[in-house]
Amino acid sequence: MSFKSYCFKKSLWLFHFGGASCNNCDIEILDCLTPKYDVERFGMVLVGSVRHADVLLVNGSINKKDKPRLLEIYEQASKPVVVVAIGACGCTGGIFAEGNTFAGPVDKIIPVDAYIPGCPPKPEAILAGIVKLLGKI
Amino acid sequence: MGTYLFYFLIYPGFLFAAVIGAFLSWFDRKITAGVQFRKGPPLLQPFYDFFKLLLVKETILPARGAKGLFLAAPIFAVFGATMAGVFILLPLMNITTGFQGDLIVIFYLLTIPSLSYVMGALASGNPLAAVGGSREMKLIMSYELTFLLVMAGVIIKSGQSINLYQIIQVQQAGTPFIGSLSGVLLFIVAIFCLQAKLAMVPFDMPEAETEICGGIFIEYSGTPYAMIKLSKYMSLFILPAFIVAILMKGFTLEGINILWAVLKLVAVVLLLTLIRNTNPRVKIKQAIRFFFIWMNLLAVIAIVLAIFGL
Ligand code: SF4
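Please read these numbers as outputs of a predicted model, since none were measured by experiment. (Residues numbered from 1 in each chain as written. Chains lettered and ligands numbered in written order. Predicted model: local features only at pLDDT ≥ 70, side-chain atom pairs only at ≥ 80, totals over all residues. Heavy atoms only, no water.)

1. With respect to the overall build of chain A
Check the secondary structure of chain A and you find six helices and five strands. Its helices and strands taken in sequence order, chain A reads α-β-α-β-β-α-β-α-α-β-α from the N to the C terminus. Against the compact-globule benchmark of 14 Å for 137 residues, chain A has a radius of gyration of 14 Å, which places it among compact chains. For chain A, the C-alpha atoms occupy an extent of roughly 45 × 30 × 25 Å along the three principal directions. Residue pairs at least 24 apart in sequence account for 81% of intrachain contacts in chain A once pairs closer than 6 positions are excluded. In the form shown here, chain A has an accessible surface area of approximately 6,200 Å², with 59% of it arising from carbon and sulfur atoms. Across chain A, the centroid of the 15 positively charged side chains sits 5 Å from that of the 13 negatively charged ones. (Helix = DSSP H or I, 4+ residues; strand = E, 2+ residues; numbered from the N terminus. Rg over C-alpha atoms; globule rule 2.2 N^0.38 Å. Contact = heavy atoms within 4.5 Å. Areas by Shrake-Rupley, 256 points an atom, 1.4 Å probe, with all protein chains shown as cover. Lys, Arg positive; Asp, Glu negative; His and termini not counted. Charge placed at Lys NZ, Arg CZ, Asp CG, Glu CD.)

Written out as structure tokens, the structure is:
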């Protein structure tokens, strides 16, 4: 493994995009930052600006209003950026998949590198997904 | 010429300050994690962050903004931090004796990083960065006078010397300045100035992640952001080192005293970290009032006490 990808793997900064979710996945993502799970062990921190982000965490169903915003956010991120779809809504659309305003699951809009299913996924599942992702990069 | 380049680039300038600063930044994050009952990042985390930003990430330039200034500002910041570091550390590490009036030069050089952040933020053309930039400017205006008063107090205590080396010598011959009442007051004021200079939590409104998404640094990515991180690491080393020099007797680098020097530095950083972890962010208006009224008052009292030799 080269030095570059090692550094990248060791310092992933997260940016959280919440689509039209039921707000439960957002809370589970925040759980990962709490003392019990503490993702800063892996060098991950939550950043405020997408320009600094290495991982885009997308959760919730993407509706017609969210779609242009998600695209915009993705284009504004400095590459390489890894996209993780969280929750049943992020992966497939979940219970919102047949709604009027639904505009396709995340992977129809931007390329997704990892899927973490669950409604909502447990923090353990999110961590497991991230560890698998670390192996993949 | 060769020695000066060595001083500037390797020891005690750029490389040395950056490496020590990175370790101190890890220490800061680890203590923060400890306060919050977390485990915290690994030891080399600041280096991973820096090299990731430097080597891996793409640099994005703002479409509507002054691109040249946007890119130049981080370089100014690193340059200012390095120059200030050289002038502080040469007398502090007992390498050269500095020159007459270097305290004033250091004072101005220490302002350069913050000023260049403001320049970069305003050059980026982002409204949130402009908000952050204006806050940072107000913050600079409020703490700069206080910091000057601290230096005035130190100058009076050292018997009208404006040479950093002489100030350290005076303390090493007698007692450190912090051992007196006025010294303690000056130390308290200086710690709060440092907190504002480093933009740590009670005074981090220029960055305010939850409010204006990173503020002054919102548009930075890739290499320029790595430069900004570097200047932050260096500031985290040179500013506490400066306080150690002007108030806490400086360093003596022989035998067991090295441990003592490290402990002094770490203690100052620890104090900054604990303040940052136990306080909420204040509004810019409150910060200005805090510095203009309370801290200036405290500094003036300290100066008066110093004149009477307390
Ligand atoms: S996956 Fe389930 S918990 Fe998560 S946002 Fe969708 S409905 Fe809510």
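That covers the picture; the talk isn't over yet.
2. Observations regarding the pattern of salt bridges
Using the criterion set out here, one finds ten salt bridges over all chains in the structure. With its nearest N and O atoms 2.9 Å apart, the salt bridge here joins A:E40 to B:R29. Here A:E40 is found in the loop between α2 (24–31) and β2 (45–46), whereas its partner B:R29 is found in helix α2 (residues 14–35) on a different chain. Note on accessibility: A:E40 and B:R29 belong to one class, buried. Notably, a salt bridge pairs B:D204 with B:R281, separated by 2.8 Å at the nearest N-O pair. With B:D204 in the loop between α8 (181–197) and α9 (209–212) and B:R281 in the loop between α11 (257–277) and α12 (284–307), this pair connects stretches of sequence that are 77 residues apart. Looking at B:R281, the relative accessible area reads 29%, which means it is partly exposed. Put simply, A:D38, A:E40, B:R29, B:R38 and B:D49 are held in one network by salt bridges that share partners. (Salt bridge = Lys/Arg side-chain N within 4 Å of Asp/Glu carboxyl O. Buried < 20%, exposed > 50% of the residue type's maximum accessible area, 1.4 Å probe, protein only.)

3. Let's talk about the nonpolar core
Counting 112 residues, the largest nonpolar core has A:L56, B:L110, B:L164, B:F242 and B:L247 as its most contacted members. Of the residues forming this core, the biggest block, 17 residues, is contributed by helix α10 (residues 222–247) of chain B. Ranked by size, the runner-up nonpolar core spans 22 residues in total, among them A:L12, A:V55, A:V84 and A:A114. (Core = buried A, V, L, I, M, F, W, Y, C linked by side-chain atoms within 4.5 Å.)

The quantities given are spatial measurements derived from coordinates; they are silent on function.
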